Amino acid sequence: MSARRKARKRALDFLYEADIRSARAIDLLESRGEIELSERDYVLELLLGVETNALKIDELITTYAQGWDMDRMPAIDRNILRISLFEILFKNDLDDQVAASEAVEIATELSTEDSAKYINGVLGRIIILKPSFAL
């Protein structure tokens, strides 16, 4: 498993826990010392990126996740979308399709097959419309 995949999964752990506990993911990261140094930089970048851009990211999820509002969406799926949307919208050094593919693979592994298909559809729509977004 690549270092970035491990970092994404680790960031997902922190975002999921923060979501459930109504805490800040960054605070959870800082309170723990067990994270591998090789993963720490990218985990921190993902957590800060999601937190900094949370309003825009959640607005897009709400808009394009047809049939689901944020409160009804499973927390794992919501946070997979948050990470991948940060990467798609704000990371210029990563191909959008790679970010979407990673999200789908993580969803397949940690959520349901239906979740993976749903996440793929939401991300696909956003990637197509990305040039029209004012970020």
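Just so it is clear, the model here is predicted, and its values are computed rather than measured.

Participant: Just to check I follow, could you spell out the side chain of E102 for this structure?
Facilitator: With respect to the element layout, E102 can be found in helix α6 (residues 96-110). What makes E102 buried here is its relative accessible area of 13%. Within the structure, the side chain of E102 is placed 3.4 Å from the side chain of R8, a separation counted as a polar contact. Residues contacting E102, with those up to four places away along its chain left out, are R5 and R8.

Participant: I keep staring at the packing of helix α1 (residues 3-21) against α6 and nothing clicks. Help me out?
Facilitator: Between two packed helices, the angle of one axis relative to the other and the distance separating the axes together describe the packing. Close contact between α1 and α6 brings their axes to 11 Å; oriented N to C, the two are set at 60°. Classed by the angle they form, the pair α1 and α6 counts as oblique. Our pair here, α1 against α6, has a crossing hand that is right-handed. Together, R5, R8, K9 and L12 of α1 and E102, E105, I106, E109 and L110 of α6 make up the contact between the two elements. Classifying every residue of the contact of α1 with α6 by side-chain character gives three nonpolar, no polar and six charged.

Participant: What is the right way to look at helix α3 (residues 37-52) in this model?
Facilitator: It helps to recall that an α-helix has 3.6 residues per turn; residues three or four apart then point in one direction. The end-to-end C-alpha distance of α3, which contains 16 residues, comes to 23 Å, matching closely the 22 Å that a straight helix rising 1.5 Å per residue would cover. Restricting attention to buried positions, one finds in α3 the residues E39, Y42, V43, L46, L47, G49 and V50. Buried positions in α3, seen along its axis, are confined to an arc of 165° and lie on one side of it. Exposed residues pointing more than 90 degrees away from the buried face of α3 are listed as L37, D41 and T52. Its buried side turned inward, α3 meets α1, α2 (25-30), α4 (54-64) and α5 (75-90).

Participant: So what exactly am I meant to see when it comes to the packing of aromatic side chains here?
Facilitator: Aromatic ring pairs are reported here in terms of the distance separating the ring centres and the angle at which the planes meet. This model, assessed by the stated rule, comprises two aromatic pairs. Arranged with centres 6.1 Å apart and planes meeting at 50°, the rings of Y64 and F133 form a pair that is tilted. One end of the pair, Y64, is in helix α4; the other, F133, is in the segment after α7 (113-129), and 69 residues separate them in sequence. Across this residue pair, the class does not change: Y64 and F133 are buried. Residues F86 and F90 carry aromatic rings whose centres are separated by 6.1 Å and whose planes lie at 20° to one another, so their mutual orientation is stacked. Within this pair, F86 and its partner F90 are both found in helix α5, separated by four residues, close to a single helical turn. For F90, a relative accessible area of 27% translates into the label partly exposed.

The rules behind each value
Residues numbered from 1 in each chain as written. Predicted model: local features only at pLDDT ≥ 70, side-chain atom pairs only at ≥ 80, totals over all residues. Heavy atoms only, no water. Helix = DSSP H or I, 4+ residues; strand = E, 2+ residues; numbered from the N terminus. Buried < 20%, exposed > 50% of the residue type's maximum accessible area, 1.4 Å probe, protein only. Polar contact = N/O pair within 3.5 Å; in protein donor to acceptor, adjacent residues only side chain to side chain. Contact = heavy atoms within 4.5 Å. Axes fitted to C-alpha atoms, helices over the stretch in contact; angles between N-to-C directions. Parallel < 35°, antiparallel > 145°, perpendicular 65-115°, else oblique. Left-handed = near helix turned anticlockwise from the far one by under 90°. Nonpolar A, V, L, I, M, F, W, Y, C, P; charged D, E, K, R; others polar. Expected span 1.5 Å × (residues − 1). Arc of directions from axis to C-beta. Phe/Tyr/Trp six-rings, centres within 6.5 Å; stacked < 30°, edge-to-face > 60°.

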